[in-house]
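# Remarks on the overall topology
Each chain, letter by letter, is given below.
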2 protein chains.
Amino acid sequence: MAGTVTQVIAGGAGRWRITGIVAVRGESLGAAEGLTVVEGVVPAPERAKIWRLRGVASNLRYATKAEQQVLAAASPPLARPEADCGALIPIRKTAAWWALAQDERRAILADRSRHVEIGSRYVPAIARRLLHCRDLGEPFDFLTWFEFNREHKSAFADLLGELRASEEWRFIDREVEVRLERG
Amino acid sequence: MAGTVTQVIAGGAGRWRITGIVAVRGESLGAAEGLTVVEGVVPAPERAKIWRLRGVASNLRYATKAEQQVLAAASPPLARPEADCGALIPIRKTAAWWALAQDERRAILADRSRHVEIGSRYVPAIARRLLHCRDLGEPFDFLTWFEFNREHKSAFADLLGELRASEEWRFIDREVEVRLERG
């Protein structure tokens, strides 16, 4: 697990079709038609690459043992055949966030923003994955990834709305929403 | 700060003279005469390189606001002219450690092993620096770095003894001690 890089590669084609790219905060990402997720450092054909983001799964940074167990029990797997819609949402947090101590970040994320609790209300409909990239020198701090069936699109909109209304999101200064459908 | 890589390069010569390398747990590192710390990804001359480790400063992972303030007030700067001795101690923690939840790791590190409290008793004599490298796919999880005057060598031995006797150290499966003196 440690140090296993996952690459998200956007280009003229890919396993997922890009149906929209919106800059929610800050600068956008370049227009592209398709997106592919590659595990490991396998090089992508230069020709097909419009942008590429990298992240690692890493360890949990905030979840307690009790939360970890709830998450593990409730988390649906990725790549379910019925999950024909997806979203990649890279986010970057402010310098002020990263200067906070662990207990301050935990208080905002868990106690006041209820990030984990919000997410847990949308399983099993919406499967999620989190990749870390701040320490890799990438333009974002996290790559967040979602998969769901098209009948749960409005639930996904609710999930994003709840998260974006939280105190935690005041510390986000770049966020790009890349909407996907199975190619 | 984010993603700014620091390289530690061991070779035939360097700004620090390597006076000893000991594998405390697990595999050692190759014998070398000198060591240089380079900020950023400036390439090192291949000729001079015997081994190279990389890490990033990253954000605090466990310290509370109160602990962060104590640390900031008490931490001596690096590169003090009188600090003629140093040590690089790369460490790797077990898979069992990384599978623990945040509150379990914090309980072992802070409440039961008193890692921060131990370190704070040795300032200002011993200056410390911590670099993270697990997510970079490096052979170690952390590069720990120490600087002190030779008159504090025995205090440094006490510091290492206290840390290695702690519960936290049961989760360390590779540790190499590289002792240094100003070239």
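Here's what I pulled together on the structure shown here. (Residues numbered from 1 in each chain as written. Chains lettered and ligands numbered in written order. Predicted model: local features only at pLDDT ≥ 70, side-chain atom pairs only at ≥ 80, totals over all residues. Heavy atoms only, no water.)

Turning our attention to the pairing of strand β2 (residues 16–25) of chain B. Direction of pairing for β2 of chain B relative to strand β3 (residues 34–39) of chain B: antiparallel, over a ladder of 2 bridges. Its bridge partner being in β3 of chain B, arginine 17 of chain B is matched across the sheet by glycine 34 of chain B. (Pairing = 2+ DSSP bridges. Helix = DSSP H or I, 4+ residues; strand = E, 2+ residues; numbered from the N terminus.)

Turning our eyes to something else, we now look at the relation of the copies chain B and chain A. Expressed as a screw transformation, the operator carrying chain B onto chain A has a rotation angle of 180 degrees and an axial translation of 0.0 Å, and the superposed copies differ by an RMSD of 0.0 Å. Accordingly, the operation relating the two chain copies is best matched by a two-fold axis. Within chain B, the C-alpha atom positioned nearest to the axis of rotation is that of leucine 136 of chain B, 3.3 Å from it. (Least-squares fit on C-alpha atoms with pLDDT ≥ 70 in both.)

Using the criterion set out here, one finds 10 aromatic pairs over all chains in the structure. Across from the ring centre of tryptophan 97 of chain B, 4.0 Å away, lies the NZ or CZ of lysine 93 of chain B, which sits over that ring. (Phe/Tyr/Trp six-rings, centres within 6.5 Å; stacked < 30°, edge-to-face > 60°. Lys NZ or Arg CZ within 6 Å of the ring centre and 35° of its normal.)

Residues and elements named next belong to chain A. Counting buried positions along strand β5 (residues 85–93) yields 8 of 9 residues, so the element is predominantly enclosed. Here β5 runs beside strand β7 (residues 142–148); their pairing, made up of 7 bridges, is antiparallel. In the sheet register, cysteine 85 faces β7, and the bridge partner there is phenylalanine 148. Pairing between β5 and strand β8 (residues 172–182): 7 bridges, direction antiparallel. (Buried < 20%, exposed > 50% of the residue type's maximum accessible area, 1.4 Å probe, protein only.)

Moving on, we get to the interface of chain B and chain A. Between chain B and chain A, the contact holds 24 residues from the first and 24 residues from the second. Three residues stand out in chain B for area buried against chain A, namely Asn59, Arg134 and Asp135 of chain B, and they jointly supply 27% of the buried area on that side. Summed over the shared surface of chain B and chain A, the number is 2 salt bridges. Residue arginine 61 of chain B pairs with aspartate 135 of chain A through a salt bridge whose shortest N-O separation is 2.9 Å. Seen at the junction of chain B and chain A, the total is 12 residue pairs in polar contact (both at pLDDT 80 or more). For the side of chain B that touches chain A, the secondary structure elements donating two or more residues are α1 (65–74), α2 (95–99) and α3 (102–112) of chain B. Classifying every residue of the side of chain B that touches chain A gives 10 nonpolar, 7 polar and 7 charged. (Contact = heavy atoms within 4.5 Å. Buried area = accessible area lost by both parts, 1.4 Å probe. Salt bridge = Lys/Arg side-chain N within 4 Å of Asp/Glu carboxyl O. Polar contact = N/O pair within 3.5 Å; in protein donor to acceptor, adjacent residues only side chain to side chain. Nonpolar A, V, L, I, M, F, W, Y, C, P; charged D, E, K, R; others polar.)

Quick look at the pattern of salt bridges now. All told, the structure shown has 36 salt bridges over all chains when counted by the stated rule. Here arginine 121 of chain B makes a salt bridge to glutamate 162 of chain B, at a shortest N to O gap of 2.9 Å. Of this pair, arginine 121 of chain B sits in the loop between α4 (115–120) and β6 (127–132) while glutamate 162 of chain B sits in helix α5 (residues 153–164), and the two are 41 residues apart along the sequence. What makes arginine 121 of chain B partly exposed here is its relative accessible area of 44%. Note that lysine 153 of chain B and glutamate 181 of chain B form a salt bridge whose closest N and O atoms lie 3.7 Å from each other. One end of the pair, lysine 153 of chain B, is in helix α5; the other, glutamate 181 of chain B, is in strand β8 (residues 172–182), and 28 residues separate them in sequence. One continuous salt-bridge network, built from bridges that share partners, spans Arg17, Asp84, Arg150, Lys153 and Glu181 of chain A.

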